[in-house]
Amino acid sequence: MRWAGTVIRRAEPADHPWIVETGAEAYAELGDYTRILPSWLAQAGVLAWIDHDLQGRGRGFAMLGFYLEAGSPRAEVVADLLALAVLPAFQRRGIGTRLLSHVIEVSERVAPTSRISALRLTVAETNVAAQRLYERLLFERAPGRDEADPRGFQRLVYQRFLG
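Thresholds applied
Residues numbered from 1 in each chain as written. Predicted model: local features only at pLDDT ≥ 70, side-chain atom pairs only at ≥ 80, totals over all residues. Heavy atoms only, no water. Helix = DSSP H or I, 4+ residues; strand = E, 2+ residues; numbered from the N terminus. Rg over C-alpha atoms; globule rule 2.2 N^0.38 Å. Contact = heavy atoms within 4.5 Å. Areas by Shrake-Rupley, 256 points an atom, 1.4 Å probe, with all protein chains shown as cover. Lys, Arg positive; Asp, Glu negative; His and termini not counted. Charge placed at Lys NZ, Arg CZ, Asp CG, Glu CD. Axes fitted to C-alpha atoms, helices over the stretch in contact; angles between N-to-C directions. Parallel < 35°, antiparallel > 145°, perpendicular 65-115°, else oblique. Left-handed = near helix turned anticlockwise from the far one by under 90°. Nonpolar A, V, L, I, M, F, W, Y, C, P; charged D, E, K, R; others polar. Salt bridge = Lys/Arg side-chain N within 4 Å of Asp/Glu carboxyl O. Buried < 20%, exposed > 50% of the residue type's maximum accessible area, 1.4 Å probe, protein only. Core = buried A, V, L, I, M, F, W, Y, C linked by side-chain atoms within 4.5 Å.

A.B. asks: Explain the overall build of the protein chain to me, please; I cannot follow it from the model alone.
C.D. replies: The helix and strand inventory of the protein chain stands at four helices and nine strands. Over its C-alpha trace the protein chain gives a radius of gyration of 15 Å, about what one expects of a compact globule, namely 15 Å for 163 residues. Projected onto its principal axes, the C-alpha positions of the protein chain cover 50 × 40 × 30 Å. The contacts in the protein chain between residues at least 6 apart in sequence include a share of 58% that link residues at least 24 apart. When the accessible surface of the protein chain is totalled, it reaches about 8,900 Å², and 52% of it is carbon and sulfur. Separation of charge centres in the protein chain, based on 20 positive and 19 negative side chains, amounts to 4 Å.

Next comes the structure, spelled out in structure tokens:
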């Protein structure tokens with residue numbers, strides 16, 4: 001997918017070290033993502049995309065996972081935005097919006113044939129800028145799903161219904 005001066009493409013295994021490094025930097029205050037991100041990237045139901053400039057320099061990434069909803073009587077599949085990160089030098093330029101819009105587009109496209117009802121994500125309560133982005137793109141808080149993080153903050157769960 002192309003916008004003026006930008007390209008979003010599917011990540012390849014050779015991109016994984018860059019994704020891990022970028023994600024670890026972006027999420028440093030939340031814990032050690034150098035272990036979490038590789039484990040997600042290794043799962044079969046996880047897709048990742050990279051935003052890069054026309055010279056091929058990465059600026060941000062998004063990671064989307066698909067899984068069966070635990071305890072769902074209808075074997076419902078959930079799309080989960082596992083990670084969305086933009087390098088600090090490129091923030092506030094619309095890259096996060098474009099990456100998230102791409103994830104929404106992919107989720108909407110596969111929803112009917114995969115029985116996916118919602119795209120979900122979790123965000124730290126302290127990440128107000130991300131919350132504004134999600135709300136601007138029609139995500140709503142998922143009632144009763146927020147979680148306390150052992151490091152002392154709340155993880156807020158948002159969802160956007162598909163279809």
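A.B. asks: For this particular structure, what's the right way to read the packing of helix α1 (residues 16-26) against helix α2 (residues 33-41)?
C.D. replies: The description of two helices packed together rests on the angle between their axes and the distance between the axes. Where α1 meets α2, the closest approach of the two axes is 9 Å, and the angle between their N-to-C directions is 140°. Taken together, the axis directions place α1 and α2 in an arrangement best described as oblique. For α1 against α2, the interelement crossing comes out right-handed. Touching His16, Ile19, Val20, Gly23 and Ala24 of α1 are Tyr33, Thr34, Leu37, Pro38 and Leu41, all from α2. Class assignment for the residues of the contact of α1 with α2 results in seven nonpolar, three polar and no charged.

A.B. asks: Sorry, what's going on with the pattern of salt bridges here?
C.D. replies: When the charged atoms of two side chains lie near each other, side chains of opposite charge can form a pair. Here the structure, examined in full by the defined rule, presents eight salt bridges. A salt bridge links Arg57 to Asp53, with the shortest nitrogen-to-oxygen separation between them at 2.7 Å. Among the residues examined, Asp53 registers a relative accessible area of 7% and is labelled buried. Among the ionic pairs, Arg109 bridges to Glu105, the shortest N-O distance being 3.3 Å. With Arg109 and Glu105 both in helix α3 (residues 95-114) and four residues apart, the pair spans about one turn of that helix. Classification of Arg109 as exposed rests on a relative accessible area of 52%.

A.B. asks: Whenever I open this one, the nonpolar core confuses me. Can you help?
C.D. replies: Ranked by size, the top nonpolar core spans 29 residues in total, and within it Leu81, Leu84, Leu100, Leu119, Tyr134 and Phe139 carry the most contacts. Of all the elements in the fold, those that place two or more residues in this core are β3 (46-52), β4 (58-68), β5 (77-86), α3, β6 (116-124), α4 (128-136) and β9 (154-161). Excluding residues within four positions of it along the chain, Leu119 makes contact with Leu64, Ala79, Asp80, Leu81, Val103, Ile104, Ser107, Phe139, Tyr158, Gln159, Arg160 and Leu162. With 18 residues, the next largest nonpolar core counts Leu37, Trp40, Leu41 and Ala85 among its residues.

So, to be careful, I would describe these as geometric facts and stop short of saying anything about function.
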